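# Chain and residue survey
What follows is the residue order along each chain.
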Amino acid sequence: QIQLVQSGPELKKPGESVKISCKASGYTFTDYAMHWVKQAPGKGLKWMGWINTYTGKPTYADDFKGRFVFSLEASASTANLQISNLKNEDTATYFCASPGGYWGQGVMVTVSS
Amino acid sequence: DIQMTQSPPVLSASVGDRVTLSCKASQNINKNLDWYQQKHGEAPKLLIYYTNNLQTGIPSRFSGSGSGTDYTLTISSLQPEDVATYYCYQYNSGWTFGGGTKLELK
């Protein structure tokens, strides 16, 4: 069956970088886009953007342009989210999601000095 | 950008009640709307896709309707396990989530 399995929780200091992975299985990775969603503690869901898994082209929502990078390791059926120059407000759970309602379990990223 | 407004933000209801959650788009989204349920500490779960299509495995007490800018999720008979936050989201132009409706038991 289709599964998206994300990497483990991260604890980082302000200014550091983090890379989160999302490994897909149960389907042809390049057939469906991969989306990224942020959920700050106690808050709602916020769409960050998506990456075309066939061409590798990313599209970022306005609030996520600059420090956020979507990438692929297509041979490993994996999508990645990298956040640079981390800020306290980046503390959140980050989900990957593909069309059809498939979501990863989420990765909690905590940014604290 | 398309904005999605859900109402009410919090809804208290009793077991067995018929519950209606609303979602309003800032412009016509051509029925390109899904509904998700999120329980505490879990990933969102798809309930309804393309306005009124029940996802496989979802109980038939859930239903969706709407068109244009106005959409509704209905639970015909509220069950204790339905306590959760519900989100609509549109994919007519980009993706936008509504702010959510937190459903509680009275």
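A quick note: this is a predicted structure, and the numbers were derived from the prediction, not measured.

Let us look at the overall build of chain A. The number of helices and strands found in chain A is 0 helices and 11 strands. Reading the secondary structure of chain A in the N-to-C direction produces β-β-β-β-β-β-β-β-β-β-β. Each principal axis of the C-alpha distribution contributes one length, and for chain A these read about 40 × 25 × 25 Å. Counting the 113 residues in chain A, one finds 42% classified as buried. In chain A, once contacts between residues fewer than 6 apart in sequence are set aside, the share between residues at least 24 apart is 50%. Per element, the accessible surface of chain A, about 5500 Å² overall, is 49% carbon and sulfur.

Right, let's get into the pattern of salt bridges. In total, this model carries 6 salt bridges over all chains according to the counting rule given. Salt-bridge contacts for Asp62(A) lead to Lys65(A); the nearest nitrogen and oxygen are separated by 3.1 Å. Residue classification places Asp62(A) among the exposed residues on the basis of a relative accessible area of 53%. Connected through salt bridges with shared partners, the residues Arg61(B), Glu81(B) and Asp82(B) form a single ionic network.

This part covers the interface of chain B and chain A. Counting residues at the interface gives 12 residues for chain B and 14 residues for chain A. The contact between chain B and chain A buries some 1100 Å² in all, and 66% of this surface belongs to carbon and sulfur atoms. For the chain B face of the interface with chain A, the top three residues by lost area are Pro44(B), Trp95(B) and Phe97(B), together amounting to 51%. Linking chain B with chain A are 0 salt bridges, by the criterion used here. There are 3 residue pairs in polar contact (both at pLDDT 80 or more) connecting chain B and chain A. Residues of the side of chain B that touches chain A, tallied by class, amount to 7 nonpolar, 3 polar and 2 charged.

Of all hydrophobic cores here, the largest spans 37 residues; its most connected members are Met34(A), Trp36(A), Met48(A), Leu81(A), Tyr94(A), Trp103(A) and Phe97(B). Within the residue set of this core, elements represented by two or more residues are β3 (18-25), β4 (34-39), β5 (45-51), β7 (68-73), β8 (78-83), β9 (92-98) and β11 (107-111) of chain A together with β9 (84-90) of chain B. With 5 residues, β9(A) is the single largest residue contributor to this core. Not counting chain neighbours up to four residues away, the residues in contact with Phe97(B) comprise Val37(A), Leu45(A), Lys46(A), Trp47(A), Trp103(A), Met4(B), Tyr87(B), Cys88(B) and Tyr89(B). Judged by nonpolar contacts, the second largest core, of 23 residues, contains Ile29(B), Ile48(B), Ile75(B) and Tyr86(B).

For the rest of this paragraph, the subject is the sheet that holds β7(A). To summarise the sheet geometry, strands pair through backbone hydrogen bonds and adopt either a parallel or an antiparallel arrangement. Residue and element names in this part refer to chain A. Spatial ordering of the open sheet is given by β1-β3-β8-β7, a layout of 4 strands whose pairing is antiparallel. In this open sheet, the two edge strands, each paired with only one partner strand, are β1 (3-6) and β7. For this sheet, the mean angle separating the axes of adjacent strands, direction not counted, is 20°. Sheet topology places β3 next to β8; 6 bridges connect them, and they run antiparallel. Looking across to β8, one finds that Ser21 is bridged to Asn80.

What counts, and where the lines are drawn
- Residues numbered from 1 in each chain as written.
- Chains lettered and ligands numbered in written order.
- Predicted model: local features only at pLDDT ≥ 70, side-chain atom pairs only at ≥ 80, totals over all residues.
- Heavy atoms only, no water.
- Helix = DSSP H or I, 4+ residues; strand = E, 2+ residues; numbered from the N terminus.
- Buried < 20%, exposed > 50% of the residue type's maximum accessible area, 1.4 Å probe, protein only.
- Contact = heavy atoms within 4.5 Å.
- Areas by Shrake-Rupley, 256 points an atom, 1.4 Å probe, with all protein chains shown as cover.
- Salt bridge = Lys/Arg side-chain N within 4 Å of Asp/Glu carboxyl O.
- Buried area = accessible area lost by both parts, 1.4 Å probe.
- Polar contact = N/O pair within 3.5 Å; in protein donor to acceptor, adjacent residues only side chain to side chain.
- Nonpolar A, V, L, I, M, F, W, Y, C, P; charged D, E, K, R; others polar.
- Core = buried A, V, L, I, M, F, W, Y, C linked by side-chain atoms within 4.5 Å.
- Pairing = 2+ DSSP bridges.
- Axes fitted to C-alpha atoms, helices over the stretch in contact; angles between N-to-C directions.

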